[in-house]
Amino acid sequence: MQIIEKYFKHLSPEQVKQFGALHSLYTEWNEKINVVSRKDIDQLYERHVLHSLGIAKVMAFKPGTRILDVGTGGGFPGIPLSILFPESDFHLIDSIGKKIKVVEEVSAGAGIKNIRTTHGRAEDVTDRYHFVVSRAVTRFKPFWGWVAKKFSDEQFNDLNNGILYLKGGDLDEEIQELNRPAYEYDLNMFFEEEFFDTKKVVHVPAF
Ligand SMILES: C[S@@+](CC[C@H](N)C(=O)[O-])C[C@H]1O[C@@H](n2cnc3c(N)ncnc32)[C@H](O)[C@@H]1O
C-alpha cells in the first residue's frame, strides 16, 4: 500500500481506506475464484494496482468522464482507476461471469460507488464512452474493431478521446498492423521499480 502513496501523494482518507481494503478483499476472493495468479497476490499493489494507475499518470480523467474497461478480469485496470477518479463513471465488462462476480464483491467491499459491471462481450456494448481502457486482452487491431464505434465525440479531457491500453515490450509490429496513430508512454518515466522497465501506456486517439 505504501507504494501507492509514494506515487499518489494527494489521496483523500477515503481513497487511502479503499486502496487499503483491496489486499484483504482480493486475498479472500482469489481463494474462491482465481483472478490474480497466486504468486502475484503478494505483489498486488505493485503489479496490479500501481500498474493500473499508470494510466492516471498519462491522463487525469475529469469529472463526468465515461470509461469502459474491456476484459477487466478481476477489475484491472478499472477498480484502481475508479478509486482514484471517484467523479468519473466506470463500466467494467468481462465475458467470464465469475470474474465479474469478483469485481462486484471487491467493489462493494471497498465501498466503490462509480462502477457498473456487465457479464458479456465487449463487441455487444452499445453505449458511448470518452475512453476505453484495457490490459492483456488482445492485439490492437481486433481490439479497435470491437470498440471503434463506442466513442463519444464530446471532448473535454487533456487527451483526445480514445483507447488507453497497458502493454509491454516492443509494439512496433502491432501498431503497424493497427495502421492508426498511437502514442507510447513508458511507465519507467513515472515508476522506478524494475517491473515497469518494459511497461507502457498506449494512447490510440479515436478521432
Ligand atoms: C488475461 S485476462 C486480463 C484481465 C485483466 N484486464 C487484467 O489485466 O488483470 C483477459 C480477460 O479478457 C476477457 N475477454 C476476452 N475477450 C473478451 C471480449 N470480447 N469481451 C469481454 N471480455 C473479454 C477474458 O474473459 C479475460 O478475463
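What counts and how
Residues numbered from 1 in each chain as written. Predicted model: local features only at pLDDT ≥ 70, side-chain atom pairs only at ≥ 80, totals over all residues. Heavy atoms only, no water. Helix = DSSP H or I, 4+ residues; strand = E, 2+ residues; numbered from the N terminus. Buried < 20%, exposed > 50% of the residue type's maximum accessible area, 1.4 Å probe, protein only. Contact = heavy atoms within 4.5 Å. Lys, Arg positive; Asp, Glu negative; His and termini not counted. Charge placed at Lys NZ, Arg CZ, Asp CG, Glu CD. Near = heavy atom within 4 Å. Polar contact = N/O pair within 3.5 Å; in protein donor to acceptor, adjacent residues only side chain to side chain. Areas by Shrake-Rupley, 256 points an atom, 1.4 Å probe, with all protein chains shown as cover. 1 Å grid on protein atoms, 1.4 Å probe; cavity = no way out; pocket = protein on both sides within 12 Å on 5 of 7 lines; lining within 4 Å. Sits in = over half its atoms within 2 Å of the grid points. UniProt positions renumbered as here; feature names shortened; annotations may be inferred. Core = buried A, V, L, I, M, F, W, Y, C linked by side-chain atoms within 4.5 Å. Salt bridge = Lys/Arg side-chain N within 4 Å of Asp/Glu carboxyl O. Pairing = 2+ DSSP bridges. Right-handed = clockwise from strand over helix to strand, strands pointing away.

### Side note on the overall build of the chain
Move 1: For the chain, the count of helices and strands is seven helices and seven strands.
Move 2: Listing the helices and strands of the chain from first to last along the sequence gives α-α-α-β-α-β-α-β-β-α-β-α-β-β.
Move 3: The principal-axis extents of the C-alpha atoms in the chain amount to approximately 40 × 35 × 30 Å.
Move 4: Counting all 207 residues of the chain, 54% fall into the buried class.
Move 5: Considering only intrachain contacts with a sequence separation of at least 6, the fraction spanning at least 24 residues in the chain is 71%.
Move 6: The centroid of the 26 positive side-chain charges in the chain is displaced by 3 Å from the centroid of its 30 negative side-chain charges.

### Some points on the site of the ligand
Move 1: In the vicinity of the ligand, 16 residues are found, and the nearest of them are Gly71, Phe76, Asp94, Glu123 and Arg135.
Move 2: In this structure, a nitrogen atom belonging to the ligand sits 2.8 Å away from a main-chain N or O atom of glycine 71.
Move 3: In the complex, 81% of the free accessible area of the ligand, which totals 600 Å², lies under the protein chains.
Move 4: Here the ligand is seated within the largest pocket.

### Notes on unusual backbone geometry
Move 1: The omega torsion across phenylalanine 76 and proline 77 is 10°, close enough to zero to call that bond cis.
Move 2: Assignment of secondary structure puts proline 77 in the loop between strand 1 (66-70) and helix 4 (78-84).
Move 3: Backbone geometry at asparagine 179 places phi at a positive 60°, although glycine is not the residue there.
Move 4: As for its placement among the helices and strands, asparagine 179 is situated in the loop between helix 7 (172-178) and strand 6 (183-186).
Move 5: Look at asparagine 179 and you get exposed, because its relative accessible area is 67%.

### Regarding the UniProt feature "binding site: S-adenosyl-L-methionine" in the chain
Move 1: The positions UniProt marks with the feature "binding site: S-adenosyl-L-methionine" are Gly71, Phe76, Ala122, Glu123 and Arg135. Filtering the just-named annotated residues for those lining the largest pocket gives Gly71, Phe76, Ala122, Glu123 and Arg135.
Move 2: Relative to the assigned elements, glycine 71 resides in the loop between strand 1 and helix 4.
Move 3: Residue class for glycine 71 comes out partly exposed when judged on its relative accessible area of 23%.

### A short note on the nonpolar core
Move 1: In this structure, Leu22, Tyr26, Phe61, Ile79 and Leu164 are the most contacted members of the largest nonpolar core, which totals 49 residues.
Move 2: The set of elements that each furnish at least two residues to this core consists of helix 1 (2-7), helix 2 (13-32), helix 3 (44-58), helix 4, strand 2 (89-94), helix 5 (97-109), strand 4 (131-135) and strand 5 (162-168).
Move 3: The dominant element in this core, judged by the number of residues it contributes, is helix 3, at eight residues.
Move 4: Setting aside residues up to four positions removed in sequence, isoleucine 79 forms contacts with Leu22, Tyr26, Gly74, Leu92, Val103, Val106, Ser107, Ile112 and Ile115.
Move 5: Counting 21 residues, the second largest nonpolar core, distinct from the first, contains Ile163, Tyr165, Val202 and Val204.

### Some points on the pattern of salt bridges
Move 1: By the definition in use, this model includes 11 salt bridges.
Move 2: Between arginine 121 and glutamate 123 there is a salt bridge; the shortest N-O distance is 3.2 Å.
Move 3: Residue arginine 121 is classed as partly exposed on the basis of its relative accessible area of 44%.
Move 4: Assessed through its relative accessible area of 32%, glutamate 123 is described here as partly exposed.
Move 5: Of the charged contacts, one joins lysine 200 and glutamate 184 as a salt bridge, the two residues approaching to 3.0 Å between their closest N and O atoms. On the criterion of sequence distance, the pair formed by lysine 200 in strand 7 (residues 199-205) and glutamate 184 in strand 6 is long-range, its members being 16 residues apart.
Move 6: What you see here is one network of salt bridges that share partners, running through Lys6, Glu192 and Glu193.

### Let's talk about the pairing of strand 3 (residues 115-119)
Move 1: Where strand 2 lies against strand 3, five bridges are found, and the strand directions are parallel. Within strand 3, the residue paired with isoleucine 93 across the bridge is threonine 118.
Move 2: In the classification by handedness, the crossover that spans strand 2, the intervening helix 5 and the parallel strand 3 is right-handed.

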